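# A structural walkthrough
Read off the chains here:
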Amino acid sequence: MTYHSFRVYPGRPTGVLADVWGRSAVRDVLLTLGAAGTVGLAAQIAIPVPGSPVPITGQTFAVLLAGATLGATRGAAGMLIYVVAGSLGVPWFAAGASGWPSATAGYLVGFVVAAALSGQLAALGADRRPSHTIGLMAAGNALIYLVGVPWLAFSTGIDLTAAVGAGLLPHLIGDVLKTLLAAALLPATWLLIHRRVDHNDRY
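### Focus on the overall build of the protein chain
Of the regular secondary structure elements, the protein chain holds seven helices and six strands. Put simply, the protein chain runs from its N terminus to its C terminus through helices and strands in the order β-β-β-β-α-β-β-α-α-α-α-α-α. Once local pairs closer than 6 in sequence are excluded, the contacts in the protein chain between residues at least 24 apart make up 66%. Entry remark: accessible area of the protein chain is about 10100 Å², with carbon and sulfur atoms responsible for 72%.

### Here's the deal with the packing of helix α1 (residues 25–42) against helix α3 (residues 72–87)
Contact geometry of α1 with α3 gives a least axis separation of 8 Å together with a crossing angle of 50°. Judged by the inter-axis angle, α1 sits oblique to α3. Of the two possible hands of crossing, α1 and α3 adopt the one that is right-handed. Contacts between α1 and α3 involve D28, L31, T32, L33, A35, A36, V39 and G40 from the first element and R74, A77, G78, M79, I81 and Y82 from the second.

### What about the pattern of salt bridges?
Should their charged atoms come close, side chains of opposite charge can pair. Evaluation of the coordinates by the stated rule reveals six salt bridges. Residues D127 and R128 are paired through a salt bridge, measuring 3.4 Å at the closest nitrogen-oxygen approach. You can call D127 buried: its relative accessible area is 0%. Residue K178 pairs with D175 through a salt bridge whose shortest N-O separation is 4.0 Å. One end of the pair is K178 and the other is D175, both in helix α7 (residues 172–202) and three residues apart, which spans about a single turn.

### Focus: α1
Over its 18 residues, α1 extends 26 Å from the first C-alpha to the last, a length consistent with the 26 Å expected when each residue adds 1.5 Å. Within α1 the residues assigned to the buried category are D28, T32, A35, A36, V39, G40 and A42. Packed against the buried residues of α1 are β4 (23–24), β6 (56–57), α2 (59–70) and α3.

### Describing a nonpolar patch on the surface
A cluster of nonpolar residues, I134, I173, V176, L177 and L180, forms a patch on the protein surface that exposes about 500 Å² of accessible area. With respect to the secondary-structure elements, I173 resides in helix α7. Accessibility expressed as a relative area gives 66% for I173, which makes it exposed.

### Remarks on the nonpolar core
One finds V63, M79, Y82, Y107, F111 and L152 to be the most contacted residues of the largest nonpolar core, which totals 48 residues. The set of elements that each furnish at least two residues to this core consists of α1, α2, α3, α4 (105–123), α5 (130–156), α6 (160–167) and α7. For this core, the leading source of residues is α2, giving eight residues.

### Some words on the confidence of the model for the protein chain
Residue-level pLDDT values for the protein chain average 91, and 90% of them are 70 or greater. Within the protein chain, the lowest mean pLDDT, 36, falls on strand β2 (residues 7–9), and the highest, 98, falls on α3. In the predicted structure, residues 1–11 sits below a pLDDT of 50 and forms 23 contacts with residues beyond four places in sequence or in another chain.

How each quantity is defined
Residues numbered from 1 in each chain as written. Predicted model: local features only at pLDDT ≥ 70, side-chain atom pairs only at ≥ 80, totals over all residues. Heavy atoms only, no water. Helix = DSSP H or I, 4+ residues; strand = E, 2+ residues; numbered from the N terminus. Contact = heavy atoms within 4.5 Å. Areas by Shrake-Rupley, 256 points an atom, 1.4 Å probe, with all protein chains shown as cover. Axes fitted to C-alpha atoms, helices over the stretch in contact; angles between N-to-C directions. Parallel < 35°, antiparallel > 145°, perpendicular 65-115°, else oblique. Left-handed = near helix turned anticlockwise from the far one by under 90°. Salt bridge = Lys/Arg side-chain N within 4 Å of Asp/Glu carboxyl O. Buried < 20%, exposed > 50% of the residue type's maximum accessible area, 1.4 Å probe, protein only. Expected span 1.5 Å × (residues − 1). Patch = residues over 30% accessible without salt bridge, like charges linked within 9 Å, V, L, I, M, F, W, Y side chains within 5 Å. Core = buried A, V, L, I, M, F, W, Y, C linked by side-chain atoms within 4.5 Å. pLDDT = per-residue confidence, 0-100.

What follows is the structure, given as structure tokens:
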């Protein structure tokens, strides 16, 4: 079964990047599995944070990019596959870990909802301009921390202030860099697509 992306006016793709050239059930499955695998790969870029069980990884960038690229449903489904498979033993959590990580489980749950949020925002056009993409990334990161940091405090018995110091503050510089990268990458990709469509329409 094949679907086609909806266009508000001729020649201008709308929706999310994954749907620019149409949709199919097989493609949806492959993209969803690919999103889970991409986050698993990004998780292997892990820098330990002294005194914290939460390493600096490439996960959040991959999670939000997957959501923005695939949309809310496929993005969230890919993250759910990532979380479930890792909990069942696939060694693709941070630094090759697997099993349910008690201290950082909140971040994993946050990945699912943040991918859905970034996908919904992208479907509304928030990935078309750098300033809007910055907002998309900021909202997604904030949602991950809103789930992850309180869970970190609860699971380890530390107070919320200490959890913020261990599970949020060391990651802010990296999050800013990831956000700037996404703010360049996503709008640039849309610009290239629109230029190609406009070129094809002229010939």
